[in-house]
Amino acid sequence: TQLLEQSPQFLSIQEGENLTVYCNSSSVFSSLQWYRQEPGEGPVLLVTVVTGGEVKKLKRLTFQFGDARKDSSLHITAAQPGDTGLYLCAGTLPNDYKLSFGAGTTVTVRA
Amino acid sequence: DVKVTQSSRYLVKRTGEKVFLECVQDMDHENMFWYRQDPGLGLRLIYFSYDVKMKEKGDIPEGYSVSREKKERFSLILESASTNQTSMYLCASSLTRGRTEAFFGQGTRLTVV
């Protein structure tokens with residue numbers, strides 16, 4: 001059983017559409033991170049959120065940390081083919097320093 | 001930029017062989033990690049280290065061991081490779097205990113035949 005559950009597992013949309021990826025847990029995290037991974041490469045950090053209710057924006061990407069610090073979401077506005085990839089959420093439990101990863105959401109944006 | 005380098009992109013080994021996967025980071029990070037990645041399972045932690053010569057088991061350590069003789073280098077050892085260890089192996093580092101942002105290598109695709 002994974003500590004972080006991501007949904008959906010796969011998402012295929014047309015260029016210009018919006019999408020949201022969810023990351024949920026029953027545990028409280030001291031911080032939560034989102035990574036993007038392209039085929040044949042390692043994951044690359046997109047953002048870290050640490051405060052309950054925090055919202056961070058990175059161009060067309062909006063990240064939200066739940067008030068109770070148990071969940072997070074990633075919203076992409078007007079998706080482009082370059083947004084295609086595997087999106088992973090990862091969290092750190094209090095008093096810990098290693099990351100627990102979700103299973104990932106594969107996003108495909110069709111031109 | 002932090003650079004984490006894994007020694008091989010692709011490896012093919014025979015069942016029963018001893019396999020070494022090497023990882024080097026160039027930013028003086030304290031923490032280093034080895035994960036394996038399998039479809040639908042995400043990244044699972046094998047071993048990690050928070051200091052030279054220190055190591056701790058992750059979630060799936062069976063069949064693996066690690067070595068950290070120098071701060072910048074973290075090696076993963078498959079004592080006797082088996083076909084169920086065919087996977088993508090990812091090395092990562094992070095700055096300190098309080099800074100968990102991970103920087104990953106490019107991965108090693110290991111196939112055990």
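(A) Spotlight on the pattern of salt bridges. Counting across every chain of the model gives eleven salt bridges over all chains. A salt bridge links Arg-9 of chain B to Glu-41 of chain A; the nearest nitrogen and oxygen atoms lie 3.3 Å apart. A residue pair is termed interchain when its members come from two chains, as with Arg-9 of chain B in the loop between strand S1 (4-6) and strand S2 (10-13) and Glu-41 of chain A in the loop between strand S4 (31-37) and strand S5 (44-49). For Arg-9 of chain B, a relative accessible area of 34% puts it in the partly exposed group.

(B) Geometry of the layout of surface pockets. Of the pockets and cavities examined, the largest pocket occupies roughly 380 Å³. In this structure, the largest pocket is lined by 21 residues; those nearest its centre are Gln-37, Leu-86 and Thr-106 of chain A together with Gln-37 and Pro-39 of chain B. Secondary-structure elements contributing two or more residues to the lining of the largest pocket are strand S9 (85-92) of chain A together with strand S4 (31-38) of chain B. For the second largest pocket, the calculated volume is near 330 Å³. Lining of the second largest pocket is provided by 17 residues; of these, Glu-41, Gly-42, Pro-43 and Val-44 of chain A together with Phe-104 of chain B occupy positions nearest its centre. When contributions to the lining of the second largest pocket are tallied by element, the ones reaching two or more residues are S4 and S5 of chain A together with strand S10 (103-104) of chain B. Looking at which element gives the most residues to the lining of the second largest pocket, the answer is S5 of chain A, with three residues.

(C) Structural view of the interface of chain B and chain A. Of the residues lining the interface, 21 residues belong to chain B; the matching set on chain A comes to 22 residues. Summed over both partners, the interface of chain B with chain A buries about 1700 Å², with 56% contributed by carbon and sulfur atoms. Considering only the side of chain B, the residues that lose the most area to chain A are Leu-43, Thr-100 and Glu-101 of chain B, jointly responsible for 27% of the buried surface there. For the pair chain B and chain A, the interface holds one salt bridge. Applying the counting criterion to the chain B and chain A interface returns seven residue pairs in polar contact (both at pLDDT 80 or more). For the side of chain B that touches chain A, the secondary structure elements donating two or more residues are S4 and strand S5 (42-49) of chain B. Residues belonging to the side of chain B that touches chain A are distributed by class as follows: ten nonpolar, seven polar and four charged.

(D) Seen up close, the pairing of S9 of chain A. Residue and element names in this part refer to chain A. Of all the eight residues making up S9, eight are buried; the element is thus mostly covered by neighbouring parts of the structure. Bridge count between S4 and S9: seven bridges; the pairing is antiparallel. The residue bridging Tyr-35 from the neighbouring strand is Leu-88, located in S9. Two strands pair when backbone bridges link them, and S9 and strand S10 (residues 100-101) are joined in this way by two bridges, in the antiparallel orientation. Residue pairing in the sheet places Gly-91 in a bridge with Ser-100 of S10.

(E) Structural detail: the pairing of strand S8 (residues 71-76) of chain A. Residues and elements named next belong to chain A. Bridge analysis of strand S3 (residues 19-24) against S8 gives six bridges, and the strand direction is antiparallel. From the neighbouring strand, Cys-23 faces S8, where its bridge partner is Ser-72. By the bridge criterion, five bridges tie strand S7 (residues 61-65) to S8 in an arrangement that is antiparallel. Opposite Thr-62, over in S8, you have His-75 as the bridge partner. The turn joining S7 and S8, which pair antiparallel and follow one another in sequence, is formed by five residues; a positive phi near 60° is taken by Arg-69.

(F) Structural view of unusual backbone geometry. The step from Ser-7 of chain A to Pro-8 of chain A runs through a cis peptide bond, and the omega angle for that step is -10°. The backbone of Asn-95 of chain A sits at a positive phi, close to 65°, despite the residue not being glycine. Within the chain, Asp-28 of chain B stands out as a residue other than glycine whose phi angle is a positive 60°. On the basis of relative accessibility, which here comes to 52%, the residue Asp-28 of chain B falls in the exposed class.

The rules we used
- Counting restarts for each chain: residues are numbered from 1 in the order of the written sequence.
- Each chain gets a letter, beginning with A, and each ligand a number, beginning with 1, in the order they are written.
- The model is predicted, so local features are restricted to residues of pLDDT at least 70 and side-chain atom pairs to those at 80 or more, both for listing and for counting; the totals for chains, interfaces and linings are taken over all residues.
- To get the side-chain values, take all heavy atoms of the structure and skip hydrogens and water.
- Put simply, a salt bridge is a Lys or Arg side-chain nitrogen that is within 4 Å of an Asp or Glu carboxyl oxygen.
- Helix and strand assignments follow DSSP, with helices taken as H or I runs no shorter than four residues and strands as E runs no shorter than two, numbered in order from the N terminus.
- Think of it in three bands: residues with accessible area under 20% of the maximum for their type are buried, residues over 50% are exposed, and the middle band is partly exposed, with areas taken using a 1.4 Å probe on protein chains only.
- Cavities and pockets are found on a 1 Å grid laid over the protein atoms alone: a cavity is a set of points where a 1.4 Å probe fits but cannot escape, a pocket is an open set with protein on both sides within 12 Å along at least five of seven lines, and a lining residue has an atom within 4 Å of such a point.
- Grid points are joined across faces, edges and corners, and a volume is the space filled by probe spheres set on the points.
- Contacts: residue pairs with any heavy atoms within 4.5 Å of one another.
- Here the quantity called buried area is the total loss of accessible area, with a 1.4 Å probe, experienced by two parts when brought into contact, counted for both.
- N or O atoms within 3.5 Å of each other form a polar contact, as long as, within protein, one can give a hydrogen and the other can take it, and as long as residues adjacent in sequence are counted only when both atoms are side-chain atoms.
- The nonpolar class holds Ala, Val, Leu, Ile, Met, Phe, Trp, Tyr, Cys and Pro. Asp, Glu, Lys and Arg form the charged class, and all remaining residues, Gly among them, are polar.
- Strands are labelled as partners when DSSP assigns at least two bridges between them.

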